[in-house]
Number of protein chains: 2
Amino acid sequence: MAQKICPRDKDYGRWYTDIVQMAELADYSPVRGCMVIRPNGYSIWEKIQQELDKRLKATGHKNLYFPLFVPESFLKKEAEHVEGFAPECAVVTHAGGKQLEEPLVIRPTSETVIWHMYKQWIHSWRDLPLLYNQWANVVRWEMRTRLFLRTTEFLWQEGHTAHANEEEARKEALLVHQLYKKLIEEVMAIPVVCGKKTQQEKFPGAVDTYTLEGLMQEGKALQMGTSHYLGQTFSKAFEVTFQNKEGELEFPYATSWGVTTRLIGALIMTHSDDQGLIIPPKLAETPLVIVPIWRGEEEKKAIKEFVTNLPFDGIAFHFDDREEEKPGYKFNEWELKGIPLRLEVGPRDLAKGEVVLARRDTGEKCATSIATLRQTVEKMLDDIQTNLFRRAQERVKKNSHFVDTYTAFQEKLEEGGFLYAHWCGNGSCEQKISEETKASIRVLPFDAHEEAGACIYCKEPSSRRAVFARAY
Amino acid sequence: MAQKICPRDKDYGRWYTDIVQMAELADYSPVRGCMVIRPNGYSIWEKIQQELDKRLKATGHKNLYFPLFVPESFLKKEAEHVEGFAPECAVVTHAGGKQLEEPLVIRPTSETVIWHMYKQWIHSWRDLPLLYNQWANVVRWEMRTRLFLRTTEFLWQEGHTAHANEEEARKEALLVHQLYKKLIEEVMAIPVVCGKKTQQEKFPGAVDTYTLEGLMQEGKALQMGTSHYLGQTFSKAFEVTFQNKEGELEFPYATSWGVTTRLIGALIMTHSDDQGLIIPPKLAETPLVIVPIWRGEEEKKAIKEFVTNLPFDGIAFHFDDREEEKPGYKFNEWELKGIPLRLEVGPRDLAKGEVVLARRDTGEKCATSIATLRQTVEKMLDDIQTNLFRRAQERVKKNSHFVDTYTAFQEKLEEGGFLYAHWCGNGSCEQKISEETKASIRVLPFDAHEEAGACIYCKEPSSRRAVFARAY
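Cut-off values and rules
- Residues numbered from 1 in each chain as written.
- Chains lettered and ligands numbered in written order.
- Predicted model: local features only at pLDDT ≥ 70, side-chain atom pairs only at ≥ 80, totals over all residues.
- Heavy atoms only, no water.
- Contact = heavy atoms within 4.5 Å.
- Buried area = accessible area lost by both parts, 1.4 Å probe.
- Salt bridge = Lys/Arg side-chain N within 4 Å of Asp/Glu carboxyl O.
- Nonpolar A, V, L, I, M, F, W, Y, C, P; charged D, E, K, R; others polar.
- Pairing = 2+ DSSP bridges.
- Helix = DSSP H or I, 4+ residues; strand = E, 2+ residues; numbered from the N terminus.
- Buried < 20%, exposed > 50% of the residue type's maximum accessible area, 1.4 Å probe, protein only.
- pLDDT = per-residue confidence, 0-100.
- Least-squares fit on C-alpha atoms with pLDDT ≥ 70 in both.
- Axes fitted to C-alpha atoms, helices over the stretch in contact; angles between N-to-C directions.
- Left-handed = near helix turned anticlockwise from the far one by under 90°.
- Phe/Tyr/Trp six-rings, centres within 6.5 Å; stacked < 30°, edge-to-face > 60°.
- Lys NZ or Arg CZ within 6 Å of the ring centre and 35° of its normal.
- Domains from an automatic or database assignment.

## Looking at the interface of chain A and chain B
Then, in step 1: Taken together, the 53 residues of chain A in the interface contact 53 residues of chain B.
Then, in step 2: Across the chain A/chain B interface, buried area totals approximately 4,500 Å², and carbon plus sulfur atoms make up 66% of it.
Then, in step 3: Inspection of the region where chain A meets chain B yields four salt bridges.
Then, in step 4: Grouping the constituent residues of the side of chain A that touches chain B by class yields 34 nonpolar, eight polar and eleven charged.
Then, in step 5: Pairing between strand S5 (residues 90–95) of chain A and strand S5 (residues 90–95) of chain B: five bridges, direction antiparallel. Among the inter-strand pairings, A:His94 is bridged to a residue of S5(B), identified as B:Val91.

As structure tokens, this is what we get:
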């Protein structure tokens, strides 16, 4: 607590890691690129899991678990569809004291094992759809890592579904994309631009990739999650067929989709400030912390009794009754750790029938009547949730620019943000822009309206704007 | 469904794997010794997780996540305390396309990394206790594997706590042992004998190991979970110290404890029969399945309306309205899959104001008035839960034998079961008995009463009986 967080305007990268470490969200592990997710960070992940899991289950998805190990030959089979994983793989060559006949790869993703199993499980249209998801750890050997944003091992959920026809599979990919949007916007209070990836930016194995792009405080984009319509690529590669209602053999249609612990990085870079983390109330394990201001046994007794009798059923709170720390120290600690609302209570407050509520998002403090405390706390938590989302939305709006020439594009890019620009749809323009500016097309937004324009690079006609940005 | 489960008395091992595979609990993966946990099996694991997790959190424990990889040198450091892991390890030697400077072991357990981190996190008595738990996958390269009971990769929770004094740490080890007992007996309906392991059978790094031993239908014991009081072994090995209230440096006292997906194997081998799995109501994702018996659109409409209006708020049920399967097929399927209670409803039942309830545990079917259906269903689910536990308890009782001579011991052992026998406390007798009979001391029960006797092996005096059995 003696240390101070490095301010954002001094060193944004340092500010980020200071928050991760000082709010005790995560720590570096003894293995390069791996992280330890500490209880404060893990409770955020658990909340993300709960909120997404209940939405997935309500829409008919089931959880299961596939093994950590993938035979090396499986990845080679998939090589044409999923290029790029091989150099990222961690490989087990020895086990049980012996060299293995075939090396085992630690899953970078589970498609190959899953489709191998789907071949045993799918025979008839009666077996479809398979709407399966798993919560698991995966490993990708990244060269440059950053806590939560890019780590060698990370936690995620990966959904892999199989359907009897294209229409149903396409619907599924969009349904899950919508569930992600609800999770990220309504629970995490992070606004996203939704739409499709370009052919160059999509997952190589996919026909179409849907994405949700957030804009972080630094002005860089962060991909929050993706949902893929995979067509019959995997069912053909793994020779999975089913007998349709007409008795003919067909290849099922597939989707896959995932979000990762990276979301915690997005959370930090969307809402936090120079005092520390800010957790939206709906994502906080305990949205309220109570800090007593007391001296002597009588005051302690009165305040403890007050806390015990609070009508807060259903509102999770933490009563910080540590004797060894002073109130000011506690205030700072809970601000750093991002608890959205603080209740301060001392003997003078009680005498007046009041307590003090302090909002983490605005820093405002106000005296509040005990008589209506539950309603006030509930309303304030709602307000904080709404305000965090609105504030983030305004920031994204302020940092979204329409540019019509390549010069304007390059100039604006230096300020950061989302650049809405016309693009001809040609992969070579996309690639040249990316090479020359390090900005990529993050998303072709669903809600882009039709508008006559010219590609900022080649000046060929374009009817819709794409969203460009530099990204993490 | 055309296949039949192999009866228990014909081939117990085959019966077990038939249930695992035909009830779609798990399947063999393409990697030897690893399993795929299918949705029916995973939902049982999720229920175990929920039930244990809420008990752990209610007693102050927090979840977090440590990395999959352990530097090889860490395990060597721990070698004297945790012998026996090395030959079971899977080792990553290559990653990111290169050979690693130091090989990485896939965690067989996380003590070493955890205590490495505790060294950074523990400085003062204010930092204690650390009551941390993680839900994770671990890998132990087993030569002989069996679905759920012994697999190369399995899922578990591992708790690792640090305390300021011995008393508190010993209390913690016993507290978690009690939480396990509640989970296993009250939710899973599996009776266990609770107590301590002998010095020979305990975890090598522990001072004391507490265990919960179940007795499976086959007459073999299964260790359901363990909780260890570790003393200062790990804090000393990893040089973790804290400043106590008196300002002196001390080594913290530790515990560790875990249960694994093996519990699902115990569930199968405790309650199931030749028709398939039986899931206790408290552990079932859906304790009730509704099977309609209908022909024609009018009957379908009436029954669907009946189901929609059932006053079953809070009772999870599955309405099997598949058109393509006949009722008899559905009955068999849900019996195989272990759903505790089935409700059958047809137009004639409705006309009489009745439905039929069929219990999975006893096979009993009875007509029940619709007017009091909710109460009847709730009562029947309670009865099934109680009956499964009582039935298992009776079986354990019937197969628990007091033996007073080595000859009687060897004879009774062939029937299987728990053998309560006097033992002098000497490791060499214990080892000889184990070598000669393949039976080990499973547990020194907490509730063994004092009784003068003689060790069955050396005839030296003994004051309490130990529980011997052959085990999985």
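## Side note on the pattern of salt bridges
Residue and element names in this part refer to chain A.
Then, in step 1: Tallying each qualifying case throughout the model produces 70 salt bridges over all chains.
Then, in step 2: Across the pair glutamate 344 and arginine 342 runs a salt bridge whose closest N-O atoms are separated by 2.9 Å.
Then, in step 3: Assessed through its relative accessible area of 8%, arginine 342 is described here as buried.
Then, in step 4: Via salt bridges that share partners, Glu24, Asp320, Arg322, Lys330, Glu333 and Lys337 belong to a single interconnected network.

## Brief notes about the confidence of the model for chain A
Then, in step 1: Averaged over chain A, the pLDDT score is 95; the fraction of residues at 70 or greater is 98%.
Then, in step 2: Predicted as a complex, the structure gets a pTM of 0.96 and an ipTM equal to 0.95.

## Quick look at the relation of the copies chain A and chain B
Then, in step 1: The two copies are related by a screw motion: chain A maps onto chain B through a turn of 180 degrees and a shift of 0.0 Å along the axis, at an RMSD of 0.1 Å. Such a combination of turn and shift is consistent with a two-fold rotation axis. Ranked by how close their C-alpha atoms come to the rotation axis, the residues of chain A are headed by A:Val92, at 2.1 Å.
Then, in step 2: Mapped onto chain B, 100% of the interface residues of chain A are again interface residues, and the two copies thus contact each other with one and the same surface.

## Details of the sheet that holds strand S15 (residues 288–292) of chain A
Residues and elements named next belong to chain A.
Then, in step 1: Read from one edge of the open sheet, five strands run S16-S15-S17-S18-S19, paired in mixed fashion. Each edge of the sheet is formed by a strand with only one pairing partner; in this case those strands are strand S16 (317–319) and strand S19 (365–369). Across the sheet, the mean angle from the axis of one strand to that of its neighbour is 25 degrees, orientation sign disregarded.
Then, in step 2: In terms of strand pairing, strand S18 (residues 354–359) meets S19 through five bridges, oriented antiparallel.

## Considerations on the packing of helix H2 (residues 39–58) of chain A against helix H5 (residues 166–187) of chain A
Residues and elements named next belong to chain A.
Then, in step 1: Contact pair H2 / H5: the axes reach a minimum separation of 10 Å and the direction vectors enclose 140 degrees. In this structure, H2 meets H5 at a crossing whose hand is right-handed. Listed contacts from H5 to Ile48, Glu51, Leu52, Arg55 and Leu56 of H2 are Leu179, Tyr180, Lys182, Leu183 and Val187.
Then, in step 2: Partitioned by chemical class, the residues of the contact of H2 with H5 number seven nonpolar, no polar and three charged.

## What about the environment of A:Arg170?
Residues and elements named next belong to chain A.
Then, in step 1: Tracing the backbone through its elements, the reader meets arginine 170 in helix H5.
Then, in step 2: Using a relative accessible area of 25% as the deciding quantity, one classes arginine 170 as partly exposed.
Then, in step 3: Between the C-alpha atoms of arginine 170 and tryptophan 257, which are 87 residues apart in sequence, the distance is 12 Å.
Then, in step 4: Not counting chain neighbours up to four residues away, the residues in contact with arginine 170 comprise Val207, Asp208, Tyr210 and Tyr229.

## Quick notes on the sheet that holds strand S25 (residues 465–469) of chain A
All names here are of chain A.
Then, in step 1: As summarised here, the arrangement of the eleven strands in space is S3-S7-S8-S14-S11-S10-S9-S22-S25-S21-S20, forming an open sheet in which the pairing is mixed. Bordering the open sheet on either side are strand S3 (62–63) and strand S20 (400–402), each of which pairs with just one other strand.
Then, in step 2: Bridge analysis of S20 against strand S21 (residues 418–422) gives three bridges, and the strand direction is parallel. Of the residues in S21, the one forming a bridge with serine 400 is phenylalanine 418.
Then, in step 3: Sitting on the sheet, H2 touches S3, strand S7 (130–139), strand S8 (153–163) and strand S14 (253–260), and the angle it makes with S7 is about 165 degrees.
Then, in step 4: In the packing of helix H12 (residues 406–413) onto the sheet, the strands contacted are S20, S21 and S25, and the crossing angle to S21 comes to about 175 degrees.

## What to know about the packing of aromatic side chains
Then, in step 1: Taken as a whole and judged by the stated rule, the model has 34 aromatic pairs over all chains.
Then, in step 2: Arranged with centres 5.8 Å apart and planes meeting at 75 degrees, the rings of A:Trp45 and A:Trp135 form a pair that is edge-to-face. One end of the pair, A:Trp45, is in helix H2; the other, A:Trp135, is in strand S7, with 90 residues separating them in the sequence. Assigned by exposure class, A:Trp45 and A:Trp135 land together as buried.
Then, in step 3: Ring pairs connect the aromatic residues A:Phe66, A:Trp115, A:Tyr118, A:Trp121 and A:Tyr132, which therefore count as one cluster.
Then, in step 4: The residue whose ring lies beneath A:Arg342 is A:Phe331, and the NZ or CZ to ring-centre distance is 4.0 Å.
Then, in step 5: Across from the ring centre of B:Tyr472, 5.0 Å away, lies the NZ or CZ of B:Lys220, which sits over that ring.

## A short note on unusual backbone geometry
Glycine aside, negative phi is the norm for most residues, and most peptide bonds take the trans geometry.
All names here are of chain A.
Then, in step 1: The omega torsion across leucine 128 and proline 129 is -5 degrees, close enough to zero to call that bond cis.
Then, in step 2: Turning to its location among the elements, proline 129 is positioned in the loop between helix H4 (111–121) and S7.
Then, in step 3: Residue glutamate 239 is not a glycine yet carries a positive backbone phi of 50 degrees.
Then, in step 4: With respect to the helices and strands, glutamate 239 occurs in the loop between helix H6 (233–237) and strand S12 (242–243).

## Let's talk about the domain arrangement of chain A
Residues and elements named next belong to chain A.
Then, in step 1: What the domain assignment reports for chain A is domain 1 (12–271), domain 2 (286–379) and domain 3 (400–469).
Then, in step 2: Placing the centre of domain 1 and that of domain 3 at their C-alpha centroids yields a distance of 28 Å.
Then, in step 3: On the domain 1 side of the interface with domain 3, the three residues burying the most area are Val193, Thr198 and Gln200, jointly 34% of the side's total.
Then, in step 4: Counting every contact that joins domain 1 to domain 3 gives one salt bridge.
Then, in step 5: With a closest N to O distance of 3.0 Å, glutamate 213 and arginine 442 form a salt bridge.

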